[in-house]
Amino acid sequence: MAGVGLDGVTKRFGRHAAVDALSLDIADGEFFVLLGPTGAGKTTTLRLIAGLEKPDEGEIAIGGKNVGDWSVAERDVAMVFQYYSLYPRYTVRQNLAFPLKSKVHRYGPAEIDRRIAGAARMLRIEHLLDRKTDKLSGGEMQRVSIGRAIVREPRVFLMDEPLSNLDAKLREALRSELKDLQMRLRATFLFVTHDQIEAMSMGDKVGVLNHGRIIQVGTPGEIYGAPHDTFVAAFVGTPAMNLIKGELSGGRIAVPGAFALPLDDAGRRRLMLNDGPLIVGIRAEDVRLGGEGVAAARVHHVENHGVEKIVTLRAGDCLFKATVPAMSPVAVEDSVRFAWNQDKVQGFDAETGLNRTRHDMAAGG
Amino acid sequence: MAAIVLKDIEKYFGDNYVIRKLNLTIAHKEFVVLLGPSGCGKTTTLRAIAGLEEIDAGDILIESKKVQTLQAGDRDIAFVFQLFALYPHLTAYENIAFPLRATRESAAMVDARVGEVARSLRIEHLLKRRPSALSGGDMQRVAIGRALVRRPKAMLMDEPIGALDAKLREDMRTELKRLHLENESTTVYVTHDQVEAMALADRIAIMNEGVLQQVGTPDDVYQHPANLFVAQFVGSPVMNVTKASIAPEAGVTRVMIGDGDAAFEFAGELERRVAALATTDREIMLGVRPEGVLVTRQQSAGYIPVEAHIVEPLGAYDIVDLKVGGQFLRARTPSGYARAGERVWARLDEAQTHFFSARTGEALDRRLER
């Protein structure tokens, strides 16, 4: 197993920089998730590490060694793709054996058997070993694809949206299976996804990528609780963080035509912003409804999510969301009072979108 | 009253029995979601209501009139598809106005109606654009506008936001529901996404393999699932389901899960209430949602020691995979409550624990009363 380092890596396609001066440090044995929207440069980054693309600038190291002139095989990384590329007329066992019979990696029959048995046990596909792959379900096929990576015992696993083609329930189940697998293998996983739930739930660390650049690297708690800018704030979390244009003045946040919320001294000190326009960020679970609230709104929409309800509130033209317990009696067009958890308010620069909030990491991490 | 009544609907595609004696009444102004996995018959049902598919048996009534013999165009129903079926050479305005052109409304009337629909969909500024210059969300707004402009008796929607990305779907859900409140048109909406169904529906009708499994409000189907299929189809993360057996002891009932992996203590009357319903077969499945698995960091009465195996932080809360003997139970805890590898204590909230027949999957007790 090995760590992976990228130092100022740029990859251009024509004049477009798909990956732009990207630096990353992935520790040995870490589950690192690269999260970003379509076109952010996630897959290109994986292909650069695998050696399938050459960077125009910058260096890539695996296990502390610069691998710039190493071939794909020499890098000894394994890729798992969104679309399972299995040989359809062969059995699961034969599919798992293929990577062990290549020109570069050739093993004896006993070793092949040992590795297949180990991977099959780990993925709980022992009962499928003699089945042809076209008789498998989607989830089983993706397990076999992962198995083909495991048998190679590579130094790094690179996974390109491996769960995206599976249905919601299966994705949920495979999320914890993959995390469990990575912990048991003590392997370095670099996992690419556009799905923030996958990133949050599996990653030891998450790197948020946009337009080929890393916006923020942190634990899921840091990314969620202290987003670097409004892009990360809006991208991570369901429902998305409420981002509201307001004015900071004299110890309160005013949203013209909608409401004004007072800040106590501590709340004001957290915001490293002068009086004037700001974008205020607050997560739905940090908006409280109730009689003791400090401002008024109307209920615009109520969504039942079983365990809780997500209520959209309307004040003037401003719409924002609050999470309430499942049994809360709220109905559309009710008048309600609300307050915000001041310790969780995020202040963003109205011009740059950068987060200008002091974060007490002991509480926020 | 644009109520829609489906009576004993049956439909075959060759030998494939895709709708099996479906009975469902959709009330005037109601928003009903047909929910189920692909191939469950939900879209075929919707198409049958629209008149795009003939049925082999049964009756479809709209406003108390049988409509099987009516052509799709004569049923006064609007249909919105997953893929934005817009005319590419027409502007958004002309796309929305199109259904009115056929009815020879006056130009002033058309203009007024298009304006009204565009306002409620907030696409007034886009009316001069052609579909190629619109985003996915706006294209679907135009498609919905075209359906609304006729003021149909009923709206039928087939995964109308399924092709949009996650954030946009979230916004569109709010818009669709607001729109329904304003228009009050009877709506039948098809989706495979349980989040969408829970969020939008007055009532959800859950289908599987052509059979209607349960009809109820979102709270009903979430809290009182009629069978294991519904229990596991609705809710995310999925409900924990495991084999179970129950044994009475002095004043309490011990509920063993898995192959004797762990035993939880429940109230004494549990045995009578569940077993009485399970006289025919003693094989029982236990179901409990992650929020029904209660976790504490201190040893407490009624709690058993378990290992927090994997912690999935989801921001507002964590999902913790608890290792309970050879079983895993997922629990929902506050953020950062338990760490992976740590010992914690767990019990099952009796009020949120469900029991099912292992043989039929039917709920044995529609959730125990508090």
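See the structure shown above.
Residues numbered from 1 in each chain as written. Chains lettered and ligands numbered in written order. Predicted model: local features only at pLDDT ≥ 70, side-chain atom pairs only at ≥ 80, totals over all residues. Heavy atoms only, no water.

Draft legend 1. Broad picture of the overall build of chain A. Each helix and strand counted, chain A has eleven helices and 20 strands in total. Based on the C-alpha atoms only, the size of chain A along its principal axes is roughly 75 × 45 × 40 Å. Here chain A holds 365 residues, and 53% of them are scored as buried. Long-range contacts, defined here as pairs at least 24 residues apart, represent 68% of the contacts in chain A between residues at least 6 apart. Side-chain charges in chain A split into 47 positive and 46 negative, and the spacing between the mean points of these groups amounts to 5 Å. (Helix = DSSP H or I, 4+ residues; strand = E, 2+ residues; numbered from the N terminus. Buried < 20%, exposed > 50% of the residue type's maximum accessible area, 1.4 Å probe, protein only. Contact = heavy atoms within 4.5 Å. Lys, Arg positive; Asp, Glu negative; His and termini not counted. Charge placed at Lys NZ, Arg CZ, Asp CG, Glu CD.)

Draft legend 2. Geometry of the packing of aromatic side chains. Residues and elements named next belong to chain A. Scanning the entire structure with this criterion turns up 17 aromatic pairs over all chains. Taken together, a centroid distance of 4.5 Å and an interplanar angle of 50° make the contact between Tyr-87 and Phe-98 tilted. With Tyr-87 in the loop between β6 (77-80) and α3 (92-97) and Phe-98 in the loop between α3 and α4 (109-123), this pair connects stretches of sequence that are eleven residues apart. Its relative accessible area of 38% is what places Tyr-87 among the partly exposed residues. (Phe/Tyr/Trp six-rings, centres within 6.5 Å; stacked < 30°, edge-to-face > 60°.)

Draft legend 3. Inspection of a nonpolar patch on the surface at higher detail. A cluster of nonpolar side chains, contributed by Tyr-87, Tyr-90 and Phe-98 of chain A, occupies part of the molecular surface with about 280 Å² of accessible area. Relative accessible area serves as the criterion here: at 32%, Phe-98 of chain A is assigned to the partly exposed category. (Patch = residues over 30% accessible without salt bridge, like charges linked within 9 Å, V, L, I, M, F, W, Y side chains within 5 Å. Areas by Shrake-Rupley, 256 points an atom, 1.4 Å probe, with all protein chains shown as cover. Salt bridge = Lys/Arg side-chain N within 4 Å of Asp/Glu carboxyl O.)

Draft legend 4. Spatial organisation of helix α2 (residues 92-101) of chain B. All names here are of chain B. Here α2 lies mainly inside the structure; seven of its ten residues are buried. Of the residues making up α2, those classed as buried are Ala-92, Tyr-93, Asn-95, Ile-96, Ala-97, Pro-99 and Leu-100. In this structure, the buried residues of α2 make contact with α3 (107-121) and α4 (136-148).

Draft legend 5. Expanded view of the sheet that holds strand β8 (residues 186-191) of chain B. All names here are of chain B. Read from one edge to the other, the open sheet built from six strands follows the order β6-β7-β8-β3-β9-β10, with strand pairing classed as mixed. Two strands in the sheet have a free side with no partner beyond their single neighbour: β6 (77-80) and β10 (211-216). Going across the sheet, the axis of each strand differs from the next one's by a mean of 15°, ignoring polarity. Note that strand β9 (residues 203-208) and β10 share five bridges and pair antiparallel. By the bridge assignment for β10, Ala-205 is matched with Val-215. (Pairing = 2+ DSSP bridges. Axes fitted to C-alpha atoms, helices over the stretch in contact; angles between N-to-C directions.)

Draft legend 6. Spatial organisation of the pattern of salt bridges. Applying the stated criterion across every chain yields a total of 41 salt bridges over all chains. Here Asp-180 of chain A makes a salt bridge to Arg-184 of chain A, at a shortest N to O gap of 3.3 Å. Separated by four residues within a single helix, Asp-180 of chain A and Arg-184 of chain A lie in helix α6 (residues 168-185), roughly one turn from each other. The exposure class assigned to Asp-180 of chain A is buried, which follows from its relative accessible area of 14%. By relative accessible area, which is 44% here, Arg-184 of chain A ends up partly exposed. The salt bridge involving Glu-175 of chain B is made with Arg-141 of chain B; its shortest N-O contact spans 2.9 Å.

Draft legend 7. Inspection of the interface of chain B and chain A at higher detail. Across the boundary between the two partners, chain B contributes 33 residues, which contact 35 residues of chain A. Between chain B and chain A, the buried area comes to about 2700 Å², and carbon and sulfur atoms account for 51% of it. Three residues, Lys-167, Glu-170 and Arg-178 of chain B, lead the burial of chain B against chain A; their summed loss comes to 20% of the area buried on that side. Applying the counting rule to chain B against chain A returns six salt bridges. Taken together, the connections running from chain B to chain A amount to 18 residue pairs in polar contact (both at pLDDT 80 or more). Contributions of two or more residues to the side of chain B that touches chain A are made by α5 (166-183), α6 (194-200), α7 (218-223), α8 (228-233), β16 (304-313) and β18 (327-334) of chain B. The greatest single-element share of the side of chain B that touches chain A, amounting to seven residues, is contributed by α5 of chain B. Along the lines of polarity and charge, the residues of the side of chain B that touches chain A split into 14 nonpolar, eight polar and eleven charged. (Buried area = accessible area lost by both parts, 1.4 Å probe. Polar contact = N/O pair within 3.5 Å; in protein donor to acceptor, adjacent residues only side chain to side chain. Nonpolar A, V, L, I, M, F, W, Y, C, P; charged D, E, K, R; others polar.)

Draft legend 8. Main features of the packing of α4 of chain B against α5 of chain B. All names here are of chain B. At a closest axis distance of 12 Å, the pairing of α4 and α5 adopts a crossing angle of 15°. The orientation of α4 relative to α5 falls into the category roughly parallel. For the crossing formed where α4 meets α5, the hand is right-handed. For the pair α4 and α5, the contacting residues are Gly-137, Gln-140, Arg-141, Ile-144 and Leu-148 in the first and Leu-168, Met-172, Glu-175, Leu-176, Leu-179 and Asn-183 in the second. When grouped by side-chain class, the residues that make up the contact of α4 with α5 number six nonpolar, three polar and two charged. (Parallel < 35°, antiparallel > 145°, perpendicular 65-115°, else oblique. Left-handed = near helix turned anticlockwise from the far one by under 90°.)

Draft legend 9. Molecular detail of unusual backbone geometry. For the peptide bond that leads from Thr-238 of chain A to Pro-239 of chain A, omega is -5°, which places it in the cis range. Along the chain, Pro-239 of chain A falls in the loop between α9 (230-235) and β11 (242-249). Residue Pro-237 of chain B is bonded to the preceding Ser-236 of chain B through a cis peptide linkage, with omega at -5°. On the secondary structure map, Pro-237 of chain B appears in the loop between α8 and β11 (240-249). Phi angles above zero are rare outside glycine, and Lys-29 of chain B is one such case at about 70°. Phi at Glu-159 of chain B takes a positive value of approximately 45°, unusual for a residue other than glycine. For Glu-159 of chain B, the location among the structural elements is in the loop between β7 (154-158) and α5.

Draft legend 10. Region of the structure containing α4 of chain A. Residues and elements named next belong to chain A. Here α4 contains 15 residues, and its C-alpha end-to-end distance of 21 Å stays within 8% of the 21 Å for a straight helix at 1.5 Å per residue. Every buried residue belonging to α4 is among Ile-112, Arg-115, Ile-116, Ala-119, Ala-120 and Leu-123, and all of these are buried. Taken around the axis of α4, the buried residues stretch over an arc of 130°, which confines them to a single face. Exposed residues pointing more than 90 degrees away from the buried face of α4 are listed as Ala-110 and Arg-121. Turning to α4, the residues buried within the fold contact α3, α5 (138-150) and α6. A positive phi of about 55° marks Arg-124, the residue just after α4. (Expected span 1.5 Å × (residues − 1). Arc of directions from axis to C-beta.)

Draft legend 11. View of the pairing of strand β20 (residues 353-357) of chain B. Residues and elements named next belong to chain B. Of all five residues in β20, five are buried; the element is thus mostly enclosed. Where strand β14 (residues 284-288) meets β20, five bridges bridge the pair, whose relative direction is antiparallel. Along β20, the bridge assignment pairs Val-288 with Thr-353. With two bridges joining them, β20 and strand β21 (residues 363-365) adopt antiparallel strand pairing. The residue bridging Phe-355 from the neighbouring strand is Asp-365, located in β21. As consecutive antiparallel partners, β20 and β21 are separated by five residues, and within that stretch Gly-361 has a phi angle of approximately 80°, a positive value.

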